Amino acid sequence: MKAGTFFVRVWRILSILGLLFALFNSYISYPAEVAVRFDELGTAIQYLDRETLFYIAVAIFLVNNTLINAVARLFPRVPASKLPIPNQALWAAHRDQLNEVVVNWFYALMAAINTILGLSLLVISLLNRSDRGQLAMDYAWLMPLSTVILIVVLAALPVRLFMKPTADD
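Residues numbered from 1 in each chain as written. Predicted model: local features only at pLDDT ≥ 70, side-chain atom pairs only at ≥ 80, totals over all residues. Heavy atoms only, no water.

## Quick look at unusual backbone geometry
Unusually for a residue other than glycine, Asn87 sits at a positive phi of about 55 degrees. You can see Asn87 is positioned in the loop between helix 2 (50–74) and helix 3 (88–93). (Helix = DSSP H or I, 4+ residues; strand = E, 2+ residues; numbered from the N terminus.)

## Some thoughts on a nonpolar patch on the surface
On the surface, Phe6, Val10, Ile13, Leu14 and Leu17 cluster together into a nonpolar patch covering about 490 Å² of accessible area. With respect to the element layout, Ile13 can be found in helix 1 (residues 3–29). (Patch = residues over 30% accessible without salt bridge, like charges linked within 9 Å, V, L, I, M, F, W, Y side chains within 5 Å. Areas by Shrake-Rupley, 256 points an atom, 1.4 Å probe, with all protein chains shown as cover. Salt bridge = Lys/Arg side-chain N within 4 Å of Asp/Glu carboxyl O.)

## Thoughts on helix 1
Here helix 1 spans 38 Å end to end across 27 residues, near enough to the 39 Å set by a 1.5 Å rise per residue. All of the buried residues along helix 1 are Thr5, Val8, Ser15, Leu19, Ala22, Leu23 and Ser26. (Expected span 1.5 Å × (residues − 1). Buried < 20%, exposed > 50% of the residue type's maximum accessible area, 1.4 Å probe, protein only.)

## So, the confidence of the model for the protein
With 93% of its residues at a pLDDT of 70 or more, the protein shows a mean pLDDT of 88. Looking across the protein, the model is least confident in helix 3, with a mean pLDDT of 85, and most confident in helix 2, with 94. (pLDDT = per-residue confidence, 0-100.)

## Some thoughts on the pairing of strand 2 (residues 44–49)
The sheet contact formed by strand 1 (residues 33–38) and strand 2 spans five bridges and is antiparallel. Looking across to strand 2, one finds that Arg37 is bridged to Gln46. (Pairing = 2+ DSSP bridges.)

## Observations regarding the side chain of Ser26
With respect to the helices and strands, the residue Ser26 is situated in helix 1. A distance of 3.1 Å separates the side chain of Ser26 from the backbone oxygen of Leu23, its partner in a polar contact. (Polar contact = N/O pair within 3.5 Å; in protein donor to acceptor, adjacent residues only side chain to side chain.)

## Focus on the packing of helix 2 against helix 4 (residues 95–127)
Think of two packed helices as two axes; the pair is described by the angle between the axes and how far apart they sit. Contact pair helix 2 / helix 4: the axes reach a minimum separation of 9 Å and the direction vectors enclose 170 degrees. It follows that helix 2 is roughly antiparallel to helix 4 by the angle criterion. Where helix 2 approaches helix 4, its residues Leu53, Ala57, Ile60, Phe61, Asn64, Asn65, Ile68, Asn69, Val71 and Ala72 are matched on the opposing element by Val103, Phe106, Tyr107, Leu109, Met110, Ile113, Asn114, Leu117, Leu121 and Ile124. Residue classes in the contact of helix 2 with helix 4 are distributed as 16 nonpolar, four polar and no charged. (Axes fitted to C-alpha atoms, helices over the stretch in contact; angles between N-to-C directions. Parallel < 35°, antiparallel > 145°, perpendicular 65-115°, else oblique. Contact = heavy atoms within 4.5 Å. Nonpolar A, V, L, I, M, F, W, Y, C, P; charged D, E, K, R; others polar.)

Given below as structure tokens:
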């Protein structure tokens, strides 16, 4: 197994486990009304029911993992001539590598969404704890980190497809 494939599989499994942990941990620690939006002073200005937030997160998790997994499993069945990729003839000759690259990318996308959702649930959980006096600004790192994760994952596939397949088939 290649290092990239191993990394993506481990990240995917850890992101699923981490999201499930965050989901159940946050559900237990959430108050009945969960503050989800704050003003500049750190005062909550928008609330959601604990159950609503929980079921929204579960729905995102299920849709994300089901749809992306289905597309990843269907990709190898698409004829190479129908794929709009750079170096199409070269990649068609190395179809197994192409399948591995694209399937790994789909799994990385799934892991990225799971990671961001899990981190978001943990931050919301920490912000709603009554025993801590933390401000929403203490977690301002979440948005740039989420953006970087998504940009890196989304840019990885085009960058890899512009490169030529490796010779170690």
